[in-house]
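Observations on chain architecture
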Amino acid sequence: MRKKLVAGNWKMHGNLKENEALLGALIAGLSEPENKASYAVCVPYPYLTLTQSKLRGSAIKWGAQNVSQYEKGAYTGEVSVSMLNDFGCEFVIVGHSERRMLYGESNKMVAEKYLAAQHAGLIPILCVGETLEQRDSGTTKQIIDEQLKAVISLAGVDSLADAVIAYEPVWAIGTGKTATPQQAQDIHHFIRLTIAQQNAEIASDLTILYGGSVKANNAAELFVMPDIDGGLIGGASLVAEDFIAICQAAN
Ligand code: PGA
């Protein structure tokens, strides 16, 4: 049985005071011992120290939103996997559509980041998804297949035993326009089938999150779908009571 996961993606939001308060509220709201789901927050780099010191020993795990594909060296402004390890990160988001679109990350680069994360023992949350234009032109599955295959050809299908995939239709991110549960389910099922063609067991155990305007009022109907194993939450992860309600929907 796959365990549900709800991960927050804070993006470039907050400050020291606000983020400390948010973490405190999450700890208080997500402390019940009978939690069936897992929870995590992916925070901006400068707040990893704070996050580690606040969340250590709590029910909430943490991670980063991006990482370099390189181990170390002259890469101004970049952060390595071993640096994330220094701060107890469990997860790192790779290939978020904002990284792909605004910072030109190719499928190949995303695959390299995924591999680097896994080599360091981090769990990559690999984001895939189509733009509105791609959906309208009927190429959604082809795009997602290419995004998946780039990772599988570099890291191998077995690597997905220690990874999470997030299906995030670009048109649903931050727009308030959520995919319907059935639209999301269809693509999640497609992702699982694509992987099952190479390894059925890994496909059936794989956690596939939905991301794109998940809110407290639509989380339950998404999470109940058979191939949706939780969510990657942007905007609603910045408001403690909303994120807690989404986590409770996953329970
Ligand atoms: P959103 O963002 O929940 O604000 O749509 C999701 C994401 O980008 O991961």
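Residues numbered from 1 in each chain as written. Predicted model: local features only at pLDDT ≥ 70, side-chain atom pairs only at ≥ 80, totals over all residues. Heavy atoms only, no water.

**With respect to helix α5 (residues 107-119)**
Taking 1.5 Å per residue, 13 residues should reach 18 Å; α5 reaches 18 Å between its end C-alpha atoms and fits that length. Within α5, the full set of buried residues consists of V110, A111, K113, Y114, A116, A117 and Q118. Contacts made by the buried residues of α5 are with α3 (81-86), β4 (91-94), α4 (97-102), β5 (123-128) and α7 (140-155). (Helix = DSSP H or I, 4+ residues; strand = E, 2+ residues; numbered from the N terminus. Expected span 1.5 Å × (residues − 1). Buried < 20%, exposed > 50% of the residue type's maximum accessible area, 1.4 Å probe, protein only. Contact = heavy atoms within 4.5 Å.)

**Some points on the packing of helix α1 (residues 16-29) against helix α2 (residues 48-55)**
Two elements in contact, α1 and α2, have axes whose closest approach is 10 Å; the angle formed by their N-to-C orientations is 25 degrees. In terms of axis orientation, α1 runs roughly parallel to α2. For α1 against α2, the interelement crossing comes out right-handed. Counting all contacts with α1, which are made through L16, N19, E20, L23, G24 and I27, the residues of α2 involved are L50, T51, K54 and L55. Split into classes, the residues belonging to the contact of α1 with α2 amount to five nonpolar, three polar and two charged. (Axes fitted to C-alpha atoms, helices over the stretch in contact; angles between N-to-C directions. Parallel < 35°, antiparallel > 145°, perpendicular 65-115°, else oblique. Left-handed = near helix turned anticlockwise from the far one by under 90°. Nonpolar A, V, L, I, M, F, W, Y, C, P; charged D, E, K, R; others polar.)

**Quick look at the pairing of β5**
When you tally the buried positions in β5, you get five out of six residues, the bulk of the element. The pairing of β4 with β5 spans four bridges and is classified as parallel. Paired with I93 across the strands is I125, a residue of β5. Where β5 meets strand β6 (residues 164-167), four bridges bridge the pair, whose relative direction is parallel. The residue bridging I125 from the neighbouring strand is V164, located in β6. (Pairing = 2+ DSSP bridges.)

**Considerations on the site of the ligand**
Residues in close proximity to the ligand total 13 residues, the closest being K11, H96, E168, G174 and S213. Between an oxygen atom of the ligand and a main-chain N or O atom of G174, the distance comes to 2.7 Å. Bound to the protein, the ligand loses 97% of the 280 Å² it would expose on its own. (Near = heavy atom within 4 Å. Polar contact = N/O pair within 3.5 Å; in protein donor to acceptor, adjacent residues only side chain to side chain. Areas by Shrake-Rupley, 256 points an atom, 1.4 Å probe, with all protein chains shown as cover.)

**Considering the sheet that holds β5**
Reading around the barrel, the eight strands line up as β1-β2-β3-β4-β5-β6-β7-β8 and close back on themselves, with parallel pairing between neighbours. Across the sheet, the mean angle separating the axes of adjacent strands is 25 degrees when strand polarity is ignored. In this sheet, strand β3 (residues 60-64) lies alongside strand β2 (residues 38-42) in parallel orientation, the contact comprising four bridges. Each bridged residue has a counterpart across the sheet, and for V41 the counterpart in β3 is W62. Together, β1 (5-9), β2 and β8 (230-233) form the strand contacts of helix α11 (residues 240-250), whose direction differs from that of β1 by roughly 160 degrees.

**Considerations on the packing of aromatic side chains**
Taken as a whole and assessed by the stated rule, the structure comprises two aromatic pairs. An angle of 10 degrees between the planes, with centres 4.2 Å apart, marks the rings of Y70 and Y75 as stacked. Judged by its relative accessible area of 38%, Y70 is partly exposed. Here Y75 falls in the partly exposed class, since its relative accessible area comes to 35%. (Phe/Tyr/Trp six-rings, centres within 6.5 Å; stacked < 30°, edge-to-face > 60°.)

**Overview of the pattern of salt bridges**
Scanning all chains against the criterion turns up ten salt bridges. For D227, the salt bridge is made with R192, and the minimal N-O distance between the two is 2.6 Å. Here R192 lies in helix α8 (residues 181-196) and D227 lies in the loop between α10 (219-223) and β8, a separation of 35 residues in the sequence. Assessed through its relative accessible area of 9%, D227 is described here as buried. A salt bridge links R192 to D229; its shortest N-O distance comes to 2.8 Å. Of this pair, R192 sits in helix α8 while D229 sits in the loop between α10 and β8; the two residues are 37 residues apart in sequence, bridging distant segments of the chain. Classification of R192 as buried rests on a relative accessible area of 8%. Judged by relative accessible area, which is 3%, D229 ranks as buried. A single network of salt bridges, built from pairs that share partners, joins R2, R192, D227 and D229. (Salt bridge = Lys/Arg side-chain N within 4 Å of Asp/Glu carboxyl O.)

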